[in-house]
Amino acid sequence: MAADSYTALVNDVQEQSQAKNADVTRVSRLAMRDGAIALAALSLFAAADAWYRATGLAAAALLSVLDGIAVGYGLGLMAHEWGHFAGARWGGGIAPTTKFTQLFPIFLLDMQRSPDRAFKAMSVGGNVAHWSLVALFLLWAPLDAPGRVALASGAFAFAFGASFTEVPVIRRSFAGASPVESFQGLTGAVLRRNRWIGYAAGAVLFALIV
């Protein structure tokens, strides 16, 4: 997200809050919402995976792969967002939550009034979270069915693309750049390119494992 757009969203969230630093939605409500979404998504994937395991049908294999990619990618995004949020709060940042009906982002960091350590912790937290999910899928889920490989590959695709975008931002931040300066060069075209790099990385992982 470009710095100007991010600042505009921060101002919008502050206007929605009754107090300047208040959350728009309770963190517990957001956690329950996203937990329910994650459980529903995993349940749909588990049903497709079980159908394939029981029948071996090509249609079941295709559905389990498509479900696996979508669920893995979506959970990667969710883990990434909550990792950012945890890092921002842990770093002492002013990071009010957004509306319950807004899936992403779940919060917005006030980069002007928050300490620099909050931006650093936020940036690192998102990356730690999405790579932790990838590790969980690769180490915990048996990779003995195409859908299960797709689940890990979907999470890997998100993680690779997101880190390809954010690691340079983190490097600039730890080198002394301000939060706004750290976003330098992140245009829409760059973000789209990095997403496609992530998709390609996920496809390569899938091809290597399946």
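For the structure, see preceding data.
Right, let's walk through the structure included here.

Calculation notes
- Residues numbered from 1 in each chain as written.
- Predicted model: local features only at pLDDT ≥ 70, side-chain atom pairs only at ≥ 80, totals over all residues.
- Heavy atoms only, no water.
- Salt bridge = Lys/Arg side-chain N within 4 Å of Asp/Glu carboxyl O.
- Helix = DSSP H or I, 4+ residues; strand = E, 2+ residues; numbered from the N terminus.
- Axes fitted to C-alpha atoms, helices over the stretch in contact; angles between N-to-C directions.
- Left-handed = near helix turned anticlockwise from the far one by under 90°.
- Contact = heavy atoms within 4.5 Å.
- Nonpolar A, V, L, I, M, F, W, Y, C, P; charged D, E, K, R; others polar.
- Patch = residues over 30% accessible without salt bridge, like charges linked within 9 Å, V, L, I, M, F, W, Y side chains within 5 Å.
- Areas by Shrake-Rupley, 256 points an atom, 1.4 Å probe, with all protein chains shown as cover.

Some remarks on the pattern of salt bridges
No. 1: Applying the stated criterion across every chain yields a total of six salt bridges.
No. 2: Across the pair Asp144 and Arg148 runs a salt bridge whose closest N-O atoms are separated by 2.9 Å.
No. 3: If you follow the salt bridges from partner to partner, you end up with Asp49, Arg53, Asp144 and Arg148 in one network.

Considerations on the environment of Pro168
No. 1: Its place among the elements puts Pro168 in helix α5 (residues 146-174).
No. 2: Sequence-wise, Pro168 and Gly83 are 85 residues apart; in three dimensions their C-alpha atoms are separated by 18 Å.

Some words on the packing of helix α3 (residues 58-90) against helix α4 (residues 116-140)
No. 1: Put simply, α3 and α4 touch, their axes get as near as 6 Å, and they point 145° apart. The hand of the α3/α4 crossing is right-handed. Side by side, α3 and α4 meet where Gly72, Leu75, Gly76, Ala79, His80, Gly83, His84, Gly87, Ala88 and Trp90 of the first sit next to Ala118, Ala121, Met122, Ser123, Gly125, Gly126, Asn127, Ala129, His130, Leu133 and Phe137 of the second.
No. 2: Tallied by class, residues from the contact of α3 with α4 come to 10 nonpolar, 11 polar and no charged.

Comments concerning a nonpolar patch on the surface
No. 1: On the surface, Leu138, Leu139, Leu143, Val204, Leu208 and Ile209 cluster together into a nonpolar patch covering about 560 Å² of accessible area.
No. 2: Going through the elements one at a time, α4 and α7 (188-209) are the ones with two or more residues in the nonpolar patch.
No. 3: No other element matches α7, which puts three residues into the nonpolar patch.
No. 4: Checked against the element boundaries, Leu138 lands in helix α4.

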